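# An overview of the molecular structure
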Amino acid sequence: PGFVLVHVLASVLVCLQVLVAYLTLRRLGSEKTAALGAFLMVLLYGLATHTDYLHYASELLPTLLLTLGFYMFLVWLDEPAGRRAGAQLCLLFSGGLVLGAVPWCKLQAVPISGALGLVVLAAIFRDRGPSFSFSLRVKELIAFCAGAVLTTCVMLVILAKTGAIDDFWYSYIRANLAYAGSMSLTRSVRHFLFMFLTPPLHQLLLVAFGVGLLVYVSRSPDILLLFKKRRWVFSGLLVYAGAALFAVCRPKFLFLHYAIFLVPPMTYLTAVPFLDRKS
């Protein structure tokens, strides 16, 4: 591994993020919505000049896994209730697998993967009509939970067999918790303002968000109708964005590349006001 290979890997992960964002927004809205969201993400990564965005960041892989998990959740919601049960179980297992792997890439992302996991669990037991049996819900629950714990089980077995449990506990768990420090609302607000106002990090998303807000105000009845029609999708998106914001602003020290976690949900929220009413 060398300098060039690491940069190639970072570029591949960014490209995959753009692709998954495009697929997510296309399923959520239309081709135009998807193109807008992908374009914003390309501009953000392509024109960034801050050094934190010009090297490989450990946030890139867990961010990709989180976008995959949200996309699989969206696909699963779109599956007709009670039909293609095997495909639904496979989607839930795969979604659980990618969300369960996130903490092993970056412990800071635990609030995001955990929040999305809770949304999936709640959606499993949502009202889907009297014809949807309780036994099928239990199968869905087992499939999702099995995928979510699989990576952890494999990693713990490896750590136990290599005798690295103590090193893992002190280095990965306790050291990260000590680094995060105690919860401070003042510090989180300060990090939030610094992250969004320090050039040249998120001007593009901020401008797009402002334009989207104007569209939202002018089309609020349409947006509310869409939200009511697909409330589980938008609720999951809001939880995704909120958890990402918490994970980014929570640590004792702030590095600007932490904001990579926020790029996909912010892109989705920016594109939402431009969704077609028929979506």
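Provided above is the structure to which this section pertains.
Attention in this report is confined to the structure presented alongside it. (Residues numbered from 1 in each chain as written. Predicted model: local features only at pLDDT ≥ 70, side-chain atom pairs only at ≥ 80, totals over all residues. Heavy atoms only, no water.)

## Points about the overall build of the protein chain
Rules: The numbering of helices and of strands both runs from the N terminus, where a helix is a DSSP run of H or I of at least 4 residues and a strand a run of E of at least 2. The cut-offs for exposure are 20% and 50% of the maximum accessible area for each residue type, with area from a 1.4 Å probe on protein chains only; residues under the lower value are buried, those over the upper are exposed, and the others partly exposed. In what follows, residue pairs with any heavy atoms lying within 4.5 Å of each other are defined as contacts. All accessible-area figures derive from a Shrake-Rupley calculation using a 1.4 Å probe, and residue coverage is judged against the displayed protein chains alone.
Assigned secondary structure in the protein chain consists of 12 helices and zero strands. Starting at the N terminus, the α and β elements of the protein chain follow one another as α-α-α-α-α-α-α-α-α-α-α-α. Residues classed as buried in the protein chain amount to 46% of the 279 residues present. Considering only intrachain contacts with a sequence separation of at least 6, the fraction spanning at least 24 residues in the protein chain is 80%. In the form shown here, the protein chain has an accessible surface area of approximately 14000 Å², with 73% of it arising from carbon and sulfur atoms.

## Re the side chain of Gln 17
Mapped onto the secondary structure, Gln 17 falls in helix α1 (residues 3–28). Excluding its chain neighbours within four sequence positions, the residues that come into contact with Gln 17 are Met 41, Tyr 45, Leu 60, Thr 63, Leu 64, Ile 260 and Pro 264.

## Observations concerning the packing of helix α11 (residues 231–249) against helix α12 (residues 263–271)
What counts, and what does not: Axis definition: a line fit to C-alpha positions, over the contact stretch in the case of helices; interaxial angles, taken between N-to-C directions, run 0 to 180 degrees. Roughly parallel here means an angle under 35 degrees, roughly antiparallel means over 145, roughly perpendicular means 65 to 115, and every remaining angle is called oblique. The hand of a helix crossing depends on one turn: near helix anticlockwise from the far one by less than a right angle means left-handed, and clockwise means right-handed. Three residue categories are used. Nonpolar comprises Ala, Val, Leu, Ile, Met, Phe, Trp, Tyr, Cys and Pro, charged comprises Asp, Glu, Lys and Arg, and polar comprises the others, including Gly.
Look at α11 against α12: their axes get within 9 Å of each other, and the N-to-C directions meet at 140°. Relative to α12, the element α11 lies oblique. Pair α11 / α12 crosses with left-handed handedness. From α11, Leu 237, Leu 238, Tyr 240, Ala 241 and Ala 244 reach across to α12, where they touch Pro 264, Pro 265, Tyr 268 and Leu 269. Among the residues making up the contact of α11 with α12, the classes are represented as nine nonpolar, no polar and no charged.

## Looking at the nonpolar core
To keep it simple, the criterion reads: Residues belong to a common nonpolar core when they are buried Ala, Val, Leu, Ile, Met, Phe, Trp, Tyr or Cys residues joined through side-chain atoms within 4.5 Å.
Within the largest apolar cluster, 66 residues are counted, with the highest numbers of intra-cluster contacts made by Tyr 45, Leu 60, Leu 66, Phe 73, Trp 76, Ile 112 and Met 195. With 11 residues, the top contributor of residues to this core is helix α3 (residues 60–78). Leave out the neighbours within four places in its chain, and Ile 112 touches Leu 66, Tyr 240, Ala 243, Ala 244, Ala 247 and Phe 261.

## Observations concerning the packing of aromatic side chains
Threshold: Any two of the Phe, Tyr and Trp rings considered here, Trp counted by its six-membered ring, make a pair once their centres fall within 6.5 Å; the pair's planes then place it as stacked at under 30 degrees, edge-to-face at over 60, or tilted in between. Either the NZ atom of lysine or the CZ atom of arginine qualifies as a charge over a ring when it sits within 6 Å of the ring centre and within 35 degrees of the ring normal.
Enumeration according to the criterion identifies seven aromatic pairs in this entry. Note on Phe 70 and Tyr 268: the rings are 5.9 Å apart at their centroids and 20° apart in plane angle, and the pair reads as stacked. With Phe 70 in helix α3 and Tyr 268 in helix α12, this residue pair connects regions lying 198 residues apart in the sequence. Tyr 268 shares its class with Phe 70; the two are buried. Judged by centre distance (6.2 Å) and plane angle (35°), the rings of Phe 73 and Trp 76 are tilted. Placement of both Phe 73 and Trp 76 in helix α3 is noted, with a separation of three residues, approximately one turn of the helix. Across the pair, exposure class does not vary: Phe 73 and Trp 76 are buried alike. An aromatic cluster of at least three residues, connected via ring pairs, comprises Phe 70, Phe 73, Trp 76, Tyr 240 and Tyr 268. The ring of Trp 76 has Arg 126 sitting right over it, with the charged end atom 5.1 Å from the ring centre.

## Quick look at the packing of helix α5 (residues 110–124) against helix α6 (residues 134–162)
Relative to each other, α5 and α6 sit at 165°, their axes nearing to 10 Å. Considered as vectors, α5 and α6 are oriented roughly antiparallel to each other. The hand of the α5/α6 crossing is right-handed. Judged by residue contacts, Gly 117, Val 120, Leu 121 and Ile 124 of α5 engage Arg 137, Glu 140, Leu 141, Phe 144 and Cys 145 from α6. Split by residue class, the contact of α5 with α6 holds six nonpolar, one polar and two charged.

## A look at empty space enclosed by the protein
The test is simple: A pocket, in this scheme, is an open set of points on a 1 Å grid over the protein atoms alone with protein on both sides within 12 Å along at least 5 of 7 lines, while a cavity is a set where a 1.4 Å probe fits but cannot get out; residues line either one if an atom lies within 4 Å of a point. Grid points are joined across faces, edges and corners, and a volume is the space filled by probe spheres set on the points.
Here the structure, examined in full by the defined rule, presents one cavity of 30 Å³ or more. Lining the largest cavity, in full, are Gly 69, Met 72, Phe 73, Trp 76, Leu 91, Leu 92, Gly 95, Gly 96, Leu 99, Val 120 and Phe 144. Elements with a minimum of two residues in the lining of the largest cavity: α3 and α4 (85–105). Broken down by element, the residue count for the lining of the largest cavity peaks at five residues, all from α4.

## Regarding the environment of Leu 64
Mapped onto the elements of the fold, Leu 64 is located in helix α3. Residue classification places Leu 64 among the buried residues on the basis of a relative accessible area of 7%. Leu 64 has contacts with Leu 13, Leu 16, Gln 17 and Val 20, leaving out every residue within four places of it along the chain.

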